[in-house]
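Observations on chain architecture
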Number of protein chains: 2
Amino acid sequence: MELRHFIYFITVAEELHFGRAATRLQMTQPPLSKQIQQFEEEIGVALFKRNKRHVELTTAGEFFLPEAREVVAQVHQAVDTAQRAHRGEFGRLVIGFVGSATYDILPSIIREYRRIFPHVSIKLHELSTPDQVAALLGDRIDIGLLHPPVGSSLIETTPIERGYAALSLPKNHPLAKKEKIQIEDLRDVPFILASRDIWPGLYDEFLSLFKNVDFTPKIVQEATEYQMVVGLVSAGIGVGVVPATAEKLFNLEVVYRDIDHYPLKAVLSLAYLKRNTNPALKNFVSLTKRICSDER
Amino acid sequence: MELRHFIYFITVAEELHFGRAATRLQMTQPPLSKQIQQFEEEIGVALFKRNKRHVELTTAGEFFLPEAREVVAQVHQAVDTAQRAHRGEFGRLVIGFVGSATYDILPSIIREYRRIFPHVSIKLHELSTPDQVAALLGDRIDIGLLHPPVGSSLIETTPIERGYAALSLPKNHPLAKKEKIQIEDLRDVPFILASRDIWPGLYDEFLSLFKNVDFTPKIVQEATEYQMVVGLVSAGIGVGVVPATAEKLFNLEVVYRDIDHYPLKAVLSLAYLKRNTNPALKNFVSLTKRICSDER
DNA sequence: GGAACACATGGAACTTCGCCATTTTATCTA
DNA sequence: TAGATAAAATGGCGAAGTTCCATGTGTTCC
């Protein structure tokens, strides 16, 4: 019993004429007759009443016809489902992200992706960059939104946001009066940073600013997230270093200032395993790239 | 693309091992590998990720698996439906019947048939015997419940009720006092009969009773149904001739008597076209025969 | 009653499916 | 590091099944 038999049966049932049915099936009449006979024998049911001149369905054939059509429809649906999944229209996507990504880029990407691929289920996990790298290598997430570098040749990364970091100061801080802060102004200033785990690139870049001056910054406090940095700043503990997108965490007690001539690059990257074959991943990556290039 | 491919895919997906899957399919591994490859090529979707040592489903394969199982299930359901219809468990049955059959045998047969074959839809038409014969020959009904003879070699008949007819008299009629009526008592009695169309056999048999006596019965009225005969009798118009089962049409004004030594046979038969292949018909006929033999 | 139509039958050719033997590659172990 | 083992892929061959062509047979229509 093969699919062929069902298709042959349906065609003959529609034409009630072996010759015409054979033409529609692009074959000749004798093999069609034989296949139908074999099929009837195999299932033990006469599907047609034939009297050398006229063909008609038996009662069993009439009941079989809609079921046979259902078989063919189900076959098409199955193949279609596989092809859609292959194109990434069905699937699952597990996304890791650093907390700072939620301030800006992540929600708009997710929103757009959901609109275009409504049948892909998305699972989000807030993870630090090193945890994301481990999760990627352990196949627990498909995509990471993290701060480079990741330090693994198995992982592909593309920058999606080339933003900058800024200093956040209590609004009554003396330096807050200046439009641009000079690096010399930062001598003896107490700093509050997110811990190096959160964003090693930014942490290291901040420290490297001071290679060309004769002092090192005084880090008085490390926080586990940027929201906490801003909180400590507004409490007057010190001056914070946060990505510029954190300005969206409105806090009236805090102002943001750049350091003159010393931009702090704050790159957010998309990261995924090179060997990951999840079709939904490709779409997510290309969609993200498109959105980011549109914004420029 | 054939059913085989779906079954092969499901088995490999369940085993995730071409060798074991091949064993389960009672074949060797190489042709199985080849068939899966061809199938993947045909639908344009990689269903398995294989790396010479391990096999696993791709995302598309995971989405395809339940759909493929659905295909196989639908195939089985389709074949099962055809086989059930072939056995007469699904179907339609159009039944013609004479009015007198409703008094006794028909309801119990229908009730029992419905219980055993709940998925056969039954359509009932009250028709006279000649109309039933025409309807049978014109393929408008599958079965007739009628009074023989039918007079067509295309039609098969089997008696299902060998009942008797009786005389019905107004309860104050002189003859009503007698337990058994002698045929001589019927001289000059006005008779009421159902018209010959209704039951030619009974009509003719009644007339033939009088071949051996020197008078013919006086038929004063013909009615179009037995209920009407009984009604006319109770109105005192005359003496009726009705099937014994008509006694169930309770009427306190009427009594029933037999004619001594002259039983009036009242045969009800099942009739159907010999060439009718409706499987539900066979079951109906054999069930009816069983019920009738049980009752004896 | 003959012609035309339509399904069935029989035999030949081609396709393809499955088996066997072998190769390739990945993993495990010494 | 290298050999052993396991598992999928590859290639050639035989057999089975499918298709085509030619023909047979029973119906229907003129």
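These numbers were taken from a predicted model, which means no experiment stands behind them.

**Re the overall build of chain A**
Regarding its fold elements, chain A presents nine helices and eleven strands. Expected size for 296 residues packed as a compact globule is a radius of gyration near 19 Å; at 33 Å, chain A overshoots this value by more than 25%. Taking the principal axes of its C-alpha atoms as reference, chain A extends roughly 105 × 35 × 30 Å. Going through the 296 residues of chain A one by one, you find that 51% of them count as buried.

**Description of the relation of the copies chain A and chain B**
Copy one and copy two of the chain differ by a rotation about an axis and a translation along that axis. The transform that puts chain A on chain B rotates by 180° and translates by 0.1 Å along the axis, for an RMSD of 0.2 Å. Both copies of the chain, as the preceding transformation shows, are related through a two-fold rotation axis. Rotation axis and chain A: the residue whose C-alpha lies nearest the axis is Leu3 of chain A, separated from it by 2.6 Å. Residue by residue, 100% of the interface of chain A is reproduced at the interface of chain B, so both copies engage with the same surface.

**A look at the protein's contact with DNA strand D**
Near DNA strand D lie 22 residues; those nearest to it are Tyr8 and Thr28 of chain A together with Ser33, Arg50 and Arg53 of chain B. What you see for DNA strand D is that sugar and phosphate hold 71% of its atoms within 4 Å of the protein. The contact in question runs from a phosphate oxygen of DNA strand D to an N or O atom on the side chain of Thr28 of chain A, over 2.9 Å. One nitrogen or oxygen atom from the side chain of Gln29 of chain B is found 3.0 Å from a base nitrogen belonging to DNA strand D. Elements with a contribution of two residues or more to the surface near DNA strand D: α1 (3-15) and α3 (29-43) of chain A together with α2 (18-24) and α3 (29-43) of chain B.

**Observations concerning the domain arrangement of chain A**
Annotation of chain A at the domain level lists domain 1 (3-86), domain 2 (91-160 + 268-295) and domain 3 (163-265). Using C-alpha coordinates to define each centre, domain 1 of chain A is positioned 48 Å away from domain 2 of chain A.

**Some thoughts on the packing of aromatic side chains**
A full pass over the atoms with the stated rule returns 26 aromatic pairs over all chains. Put simply, the rings of Phe6, Phe9, Phe18, Phe39, Phe48 and Phe64 of chain A touch in pairs and so form one group of aromatic residues.

**With respect to the interface of chain A and chain B**
With 35 residues of chain A in contact, the opposing surface of chain B contributes 35 residues. For the pair chain A and chain B, the summed buried area comes to about 3,000 Å², and 66% of that belongs to carbon and sulfur atoms. Inspection of the region where chain A meets chain B yields four salt bridges. Residue Arg4 of chain A pairs with Glu2 of chain B through a salt bridge whose shortest N-O separation is 3.3 Å. Linking chain A with chain B are 14 residue pairs in polar contact (both at pLDDT 80 or more). No other element matches helix α4 (residues 59-86) of chain A, which puts 19 residues into the side of chain A that touches chain B.

**Focus: α3 of chain A**
Taking 1.5 Å per residue, 15 residues should reach 21 Å; α3 of chain A reaches 22 Å between its end C-alpha atoms and fits that length. Of all the positions in α3 of chain A, only Leu32, Ser33, Gln35, Ile36, Phe39, Glu40 and Ile43 of chain A are classed as buried. The buried residues of α3 of chain A occupy an angular sector of 165° when the element is viewed end-on, so they sit on one face. Those residues of α3 of chain A that are exposed and angled more than 90 degrees off the buried face are Lys34 and Glu41 of chain A. Elements in contact with the buried residues of α3 of chain A: α1, α2 (18-24), β1 (48-50) and α4 of chain A together with α4 (59-86) of chain B. With its phi angle positive at about 70°, Gly44 of chain A sits one or two positions after the end of α3 of chain A.

**Re the pairing of strand β7 (residues 190-194) of chain A**
Residue and element names in this part refer to chain A. With respect to burial, β7 is a largely interior element, four of its five residues being buried. For the handedness criterion, the β-α-β arrangement of β7, helix α7 (residues 200-208) and strand β8 (residues 218-223) is classed as right-handed. Strand direction decides the pairing type here: β7 and strand β9 (residues 239-243), joined by two bridges, are parallel. Paired with Phe191 across the bridge in β9 is Val239.

**Here's the deal with the protein's contact with DNA strand C**
As a structural note, the neighbourhood of DNA strand C is formed by 23 residues, with Ser33, Arg50 and Arg53 of chain A together with Tyr8 and Thr28 of chain B the closest of them. Backbone atoms, meaning sugar plus phosphate, form 73% of the atoms of DNA strand C positioned within 4 Å of the protein. Between DNA strand C and the protein, one listed contact pairs a phosphate oxygen with a side-chain N or O atom of Arg50 of chain A at 2.7 Å. With respect to DNA strand C, the side chain of Gln38 of chain B contributes an N or O atom lying 3.5 Å from a phosphate oxygen. At the level of secondary structure, the elements contributing two or more residues to the surface near DNA strand C comprise α2 and α3 of chain A together with α1 (3-15) and α3 of chain B. In the surface near DNA strand C, the residues fall into seven nonpolar, ten polar and six charged.

Cut-offs and rules
- Residues numbered from 1 in each chain as written.
- Chains lettered and ligands numbered in written order.
- Predicted model: local features only at pLDDT ≥ 70, side-chain atom pairs only at ≥ 80, totals over all residues.
- Heavy atoms only, no water.
- Helix = DSSP H or I, 4+ residues; strand = E, 2+ residues; numbered from the N terminus.
- Rg over C-alpha atoms; globule rule 2.2 N^0.38 Å.
- Buried < 20%, exposed > 50% of the residue type's maximum accessible area, 1.4 Å probe, protein only.
- Least-squares fit on C-alpha atoms with pLDDT ≥ 70 in both.
- Contact = heavy atoms within 4.5 Å.
- Near = heavy atom within 4 Å.
- Polar contact = N/O pair within 3.5 Å; in protein donor to acceptor, adjacent residues only side chain to side chain.
- Domains from an automatic or database assignment.
- Phe/Tyr/Trp six-rings, centres within 6.5 Å; stacked < 30°, edge-to-face > 60°.
- Buried area = accessible area lost by both parts, 1.4 Å probe.
- Salt bridge = Lys/Arg side-chain N within 4 Å of Asp/Glu carboxyl O.
- Expected span 1.5 Å × (residues − 1).
- Arc of directions from axis to C-beta.
- Right-handed = clockwise from strand over helix to strand, strands pointing away.
- Pairing = 2+ DSSP bridges.
- Nonpolar A, V, L, I, M, F, W, Y, C, P; charged D, E, K, R; others polar.

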